[in-house]
Amino acid sequence: MKKKLAVAGVVAVGVALFSCGKSQYANTDLPPKRIKVIKDYGEDAAQMLLSELKKELKNALKTKGPVGAIEVCNKRAMEITREVEEEIGDIKLKRTSFKYRNPLNKPDKYEAEALTFFEKTLKETGKLPPYYIQKLDGEYRYYKPLKVQNVCLTCHGDPKYMDEKVLQKIRELYPNDKAIGYKPGDFRGAIRVSIPEEVIKEACL
Ligand code: HEC
């Protein structure tokens, strides 16, 4: 009898932890419906930015070559970010990384917490979590992690194997560049989507 009770107790605690515990990928306890709405908003916005950036990058590499493409990234990355913000409305977007090229992409303390979460989990489990959510004062933040692919190495790879002219151009435009030395599969950084709390609350009604 005693044993049965003990087992029931363990099961009850397990269920409570499972249903009420913090989401694995959030800095606070949030109802599943709210997590879903934040995820949907955040993921859509991040994908939109990614696809616009990739389109421009692909085009620039094809028509102007790698050196010309750096100038395009330099001039257009921030503009494209603002354009996507305008198109979606109500949200703010940023690309951020501990090893940033453009100093405007340097992480603030919340972004640093999210980047650390991704790095730490990748190191401990060998897997990059699909997202991270933060609740801050008046806003939710959704983070989408980015991995390095082969195409990125032209401008973010090991300098030993990079084109000398590409390196020169990067150094000229970004004298304090930290964004080189990556290998395929490395964690590169994240897209941060800030969404006002009211927008999420309305969607959750
Ligand atoms: C043609 C060169 C080029 C290629 C290829 C390239 N990047 Fe970049 N990347 C840049 C430049 C230049 C910047 C700085 C943009 C700015 O000034 O806003 C940058 C910035 C970034 C940033 C913002 C953080 C920071 O360091 O400032 C991320 C994240 C990033 N790149 C990821 C990638 C990924 C992932 C790929 C591959 C899918 C990639 N890049 C391919 C040139 C390139």
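Okay, so let's go over this structure. Since this is a predicted model, take the numbers as computed values, not measurements. (Residues numbered from 1 in each chain as written. Predicted model: local features only at pLDDT ≥ 70, side-chain atom pairs only at ≥ 80, totals over all residues. Heavy atoms only, no water.)

1. A few points about the pattern of salt bridges
Per the counting criterion, the structure on display carries 20 salt bridges. Residue E111 is joined to R141 by a salt bridge in which the shortest nitrogen-to-oxygen separation is 3.7 Å. Taken together, the residues span a long stretch of sequence, with E111 in helix α3 (residues 109-125) and R141 in strand β3 (residues 139-147) at a distance of 30 residues. Here R141 ties to E139 by a salt bridge, and the two come within 3.1 Å at their closest N and O atoms. Residue class for E139 comes out partly exposed when judged on its relative accessible area of 22%. Salt bridges linked by common partners bring K94, D108, E111, E139, R141 and R192 together as one network. (Salt bridge = Lys/Arg side-chain N within 4 Å of Asp/Glu carboxyl O. Helix = DSSP H or I, 4+ residues; strand = E, 2+ residues; numbered from the N terminus. Buried < 20%, exposed > 50% of the residue type's maximum accessible area, 1.4 Å probe, protein only.)

2. Some points on the site of the ligand
Taken together, 22 residues are adjacent to the ligand, and R101, C152, C155, H156 and Y174 come closest. In this structure, N105 approaches the ligand through a side-chain N or O atom, which is 2.7 Å from an oxygen atom. Between the ligand and the protein, one listed contact pairs a nitrogen atom with a side-chain N or O atom of H156 at 2.9 Å. Cavity membership is defined here by more than half of the atoms lying within 2 Å of grid points; on that basis the ligand lies in the largest pocket. With seven residues, helix α2 (residues 32-88) is the single largest residue contributor to the shell around the ligand. Grouping the amino acids of the shell around the ligand by side-chain chemistry returns 14 nonpolar, three polar and five charged. (Near = heavy atom within 4 Å. Polar contact = N/O pair within 3.5 Å; in protein donor to acceptor, adjacent residues only side chain to side chain. 1 Å grid on protein atoms, 1.4 Å probe; cavity = no way out; pocket = protein on both sides within 12 Å on 5 of 7 lines; lining within 4 Å. Sits in = over half its atoms within 2 Å of the grid points. Nonpolar A, V, L, I, M, F, W, Y, C, P; charged D, E, K, R; others polar.)

3. Considering the coordination of the iron atom of the ligand
Among protein residues, the single donor to the iron atom of the ligand is H156 (NE2), with a metal-donor distance of 2.1 Å. On the secondary structure map, H156 appears in helix α4 (residues 153-156). (Donors = N, O, S within 2.8 Å, 3.2 Å for Na, K, Ca; no water.)

4. A word on the packing of α2 against helix α5 (residues 164-173)
At a minimum axis distance of 9 Å, the contact between α2 and α5 shows a crossing angle of 25°. With respect to α5, the element α2 is oriented roughly parallel. Considering only the axes of α2 and α5, their crossing is right-handed. Listed contacts from α5 to P66, V67, I70, E71 and N74 of α2 are K165, V166, K169, I170 and L173. Across the contact of α2 with α5, the residue classes tally to six nonpolar, one polar and three charged. (Axes fitted to C-alpha atoms, helices over the stretch in contact; angles between N-to-C directions. Parallel < 35°, antiparallel > 145°, perpendicular 65-115°, else oblique. Left-handed = near helix turned anticlockwise from the far one by under 90°. Contact = heavy atoms within 4.5 Å.)

5. A word on the side chain of R192
Relative to the helices and strands, R192 is located in strand β4 (residues 187-196). Residue classification places R192 among the buried residues on the basis of a relative accessible area of 9%. Within the local environment of R192, its side chain forms a polar contact with the side chain of S194, the two groups lying 3.1 Å apart. Leave out the neighbours within four places in its chain, and R192 touches K92, L93, K94, E111, R141, Y142 and Y143.

6. What about the layout of surface pockets?
Of the voids in this model, the largest pocket is the one considered here, and its volume is about 1100 Å³. Residue assignment for the lining of the largest pocket shows that the elements contributing at least two residues are α2, β1 (92-96), β3, α4 and β4. A per-element tally of the lining of the largest pocket places α2 first, with 17 residues. Broken down by class, the residue content of the lining of the largest pocket amounts to 21 nonpolar, 10 polar and 12 charged. (Points joined across faces, edges and corners; volume = space filled by probe spheres on them.)

7. What about the packing of aromatic side chains?
One pass over the full model with this rule turns up six aromatic pairs. With a centroid separation of 5.1 Å and 70° between ring planes, the pair formed by Y25 and Y131 is classed as edge-to-face. Taken together, the residues span a long stretch of sequence, with Y25 in the loop between α1 (2-20) and α2 and Y131 in the loop between α3 and β2 (132-136) at a distance of 106 residues. Using a relative accessible area of 21% as the deciding quantity, one classes Y25 as partly exposed. (Phe/Tyr/Trp six-rings, centres within 6.5 Å; stacked < 30°, edge-to-face > 60°.)

8. Regarding the nonpolar core
Ranked by internal contacts, the top residues of the largest apolar core, which has 26 residues, are I38, L93, I133, I191 and V193. Among the elements that make up this core, the one with the highest residue count is α2 (11 residues). Leave out the neighbours within four places in its chain, and L93 touches A45, L49, T81, R82, V84, E85, I191, R192 and V193. Counting residues in each nonpolar core, the second largest holds nine residues, with A114, L115, F117 and F118 among its members. (Core = buried A, V, L, I, M, F, W, Y, C linked by side-chain atoms within 4.5 Å.)

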